[in-house]
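Secondary and tertiary structure notes
Next come the chains, spelled out residue by residue.
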Amino acid sequence: MAIDVEALKSGNSRALAKAITLVESKRVEHRTEAQLLLEQVLPVTGNSIRIGITGIPGVGKSTFIEAFGLYLLSQGMRVAVLAVDPSSPIAGGSILGDKTRMELLSRSKDAFIRPSPSEGSLGGVAQKTRETMLLCEAAGYNVILVETVGVGQSEYEVASMVDFFMVLMLPNAGDELQGIKKGIIELADALVINKADGESINLAQQTRRHYENALHLLRQNSFWTPQVMSCSALKNENIEAIWGMISGFKIDASKNGALQEKRARQAREWMTKLLHEMLDMKLKQNPEVKELLPTLNNKVTEGETTPYLAASQLINLLFKPEA
Ligand SMILES: Nc1nc2c(ncn2[C@@H]2O[C@H](COP(=O)(O)OP(=O)(O)O)[C@@H](O)[C@H]2O)c(=O)[nH]1
Ligand SMILES: [Mg+2]
């Protein structure tokens, strides 16, 4: 698959789409080719702000991304929208499913919208999204929005690949966590109460105060204090202020080194995770391991050997010198 790297770097969206197809391919030879391409473009990546967006279905993610994305375009930026959605093979993907809510954005030549890859091997869907993000940066997109509906581990995965992680919420102060997993609030750099319009304006303000108080109780161990804001994606209200907050974060975090540090830590953690997955795969694919495993399972079951000895025997098969 010949990728025109120069075209990609000049922002050609067809070259970008082709590169993403390569990255998403399951074929072994494509895998190597994709990694070589990524290594080649690596020096021109990292120039965007990577923003993660999560929230329960119906909270207004797609509507928000349309409003926010159009605002960014009006400011002369180029916007890429990606998704991590493990449910996509069944549901058709959070982005594909409601691209109609992002109609204007999807028609703009300065916006690039890509649905979640339907599957990933090593590192799962998140690995593909990370790689796609790098390709989008190489193609000159200034803002990368990574959306997830929050099935399984996907919010955690998105939080660990972005600079700024945002949780959209509904105006509903009474309903404590609104079906959002508890740990997610602690990962958020901002909580945004959407649908602060019409009859919900007061409730949205109450909800905002409620979460401001709740966040005060959480320990802060970085320079950034998570913000609570409200907006109306539908009425296009307070969208600019949200960008103001995020660009403020980017400026501060770049100045004090926190952004570089966060990205470097994310890359190291991802490397470790991949390493473990690769080891696991090698184990599962090793013919001798496959052969011995049932026997050792039995021995451990019957109490004839210890789990430790059985595991050692298996791992040693992996590191046996070639005969
Ligand atoms: N009143 C109001 N409705 C909204 C707002 N944002 C989204 N909605 C509506 O909420 C519904 C779900 O929105 P959608 O963007 O598809 O949510 P998603 O599932 O999180 O992507 C749609 O009917 C939207 O029109 C908002 O700010 N105010
Ligand atoms: Mg949606």
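Structure shown above.
This is a predicted model, so every value here is computed, not measured.

Here we come to empty space enclosed by the protein. One water molecule sets the probe size; rolling that probe over the atoms shows where empty space is left. Enumeration over the complete set of coordinates arrives at one cavity of 30 Å³ or more. The calculated volume of the largest cavity comes to roughly 40 Å³. For the lining of the largest cavity, the elements supplying multiple residues, two or more each, are β2 (79-83) and α8 (124-138). Broken down by element, the residue count for the lining of the largest cavity peaks at three residues, all from α8.

Let us look at the packing of aromatic side chains. In the structure shown here, the tally under the stated rule is eight aromatic pairs. Among the aromatic residues, those joined into a cluster by ring pairs are F164, F223, W224 and F249. The cationic tip of R78 hangs over the ring face of Y141; the distance from NZ or CZ to the ring centre is 4.1 Å. When the ring centre of W270 is taken as reference, the NZ or CZ atom of R130 above it lies at 3.7 Å.

A separate point is the nonpolar core. L8, L16, L37, L135 and L191 are the most contacted members of the largest nonpolar core, which totals 49 residues. The greatest single-element share of this core, amounting to seven residues, is contributed by α8. The contacts of L135, once residues within four sequence positions are left out, are L8, L16, A19, I20, V23, L37, L38 and V41. Of all hydrophobic cores here, the second largest spans 37 residues; its members include F64, M102, L145 and F249.

All right, on to the site of ligand 1 then. In the vicinity of ligand 1, 16 residues are found, and the nearest of them are G58, K61, T63, R101 and D197. At a separation of 2.8 Å, an oxygen atom of ligand 1 approaches a polar backbone atom of K61. The fraction of the free accessible surface of ligand 1 (580 Å²) that becomes covered by protein chains is 78%. For the shell around ligand 1, the class distribution of residues is five nonpolar, six polar and five charged.

With that settled, consider unusual backbone geometry. Positive phi is not limited to glycine here, since K195 has a value of about 65°. The phi dihedral of N238 falls on the positive side, at around 70°, and the residue is not glycine. In this structure, N238 sits in the loop between β7 (227-230) and α12 (239-255). The class for N238 is partly exposed, based on a relative accessible area of 37%.

Further remarks concern the sheet that holds strand β3 (residues 111-113). Within the open sheet, the seven strands sit side by side as β3-β2-β4-β1-β5-β6-β7. Their pairing is parallel. Only two strands of the sheet have a single partner each, and these edge strands are β3 and β7. Averaged over all pairs of adjacent strands, the angle between strand axes in this sheet comes to 20°, irrespective of strand direction. In the sheet, β2 pairs with strand β4 (residues 143-148) via five bridges, with the strands oriented parallel. Bridging from a neighbouring strand, V79 pairs with V143 of β4. Contacts between α8 and the sheet are confined to β1 (49-54), β2, β3 and β4, with β2 contributing the most and set at about 170° to the helix.

Reported here for the second largest pocket is a volume of approximately 560 Å³. Around the second largest pocket, the lining is made up of 19 residues, and of these L42, R130, L134, A267 and W270 lie nearest the centre. Secondary structure elements with two or more residues in the lining of the second largest pocket: α3 (28-41), α8 and α13 (258-285). Take the lining of the second largest pocket: its biggest share by element is six residues, from α13. When the residues that make up the lining of the second largest pocket are grouped by side-chain class, the tally is 10 nonpolar, four polar and five charged.

Basis of the calculations
- Residues numbered from 1 in each chain as written.
- Chains lettered and ligands numbered in written order.
- Predicted model: local features only at pLDDT ≥ 70, side-chain atom pairs only at ≥ 80, totals over all residues.
- Heavy atoms only, no water.
- 1 Å grid on protein atoms, 1.4 Å probe; cavity = no way out; pocket = protein on both sides within 12 Å on 5 of 7 lines; lining within 4 Å.
- Points joined across faces, edges and corners; volume = space filled by probe spheres on them.
- Helix = DSSP H or I, 4+ residues; strand = E, 2+ residues; numbered from the N terminus.
- Phe/Tyr/Trp six-rings, centres within 6.5 Å; stacked < 30°, edge-to-face > 60°.
- Lys NZ or Arg CZ within 6 Å of the ring centre and 35° of its normal.
- Core = buried A, V, L, I, M, F, W, Y, C linked by side-chain atoms within 4.5 Å.
- Buried < 20%, exposed > 50% of the residue type's maximum accessible area, 1.4 Å probe, protein only.
- Contact = heavy atoms within 4.5 Å.
- Near = heavy atom within 4 Å.
- Polar contact = N/O pair within 3.5 Å; in protein donor to acceptor, adjacent residues only side chain to side chain.
- Areas by Shrake-Rupley, 256 points an atom, 1.4 Å probe, with all protein chains shown as cover.
- Nonpolar A, V, L, I, M, F, W, Y, C, P; charged D, E, K, R; others polar.
- Pairing = 2+ DSSP bridges.
- Axes fitted to C-alpha atoms, helices over the stretch in contact; angles between N-to-C directions.

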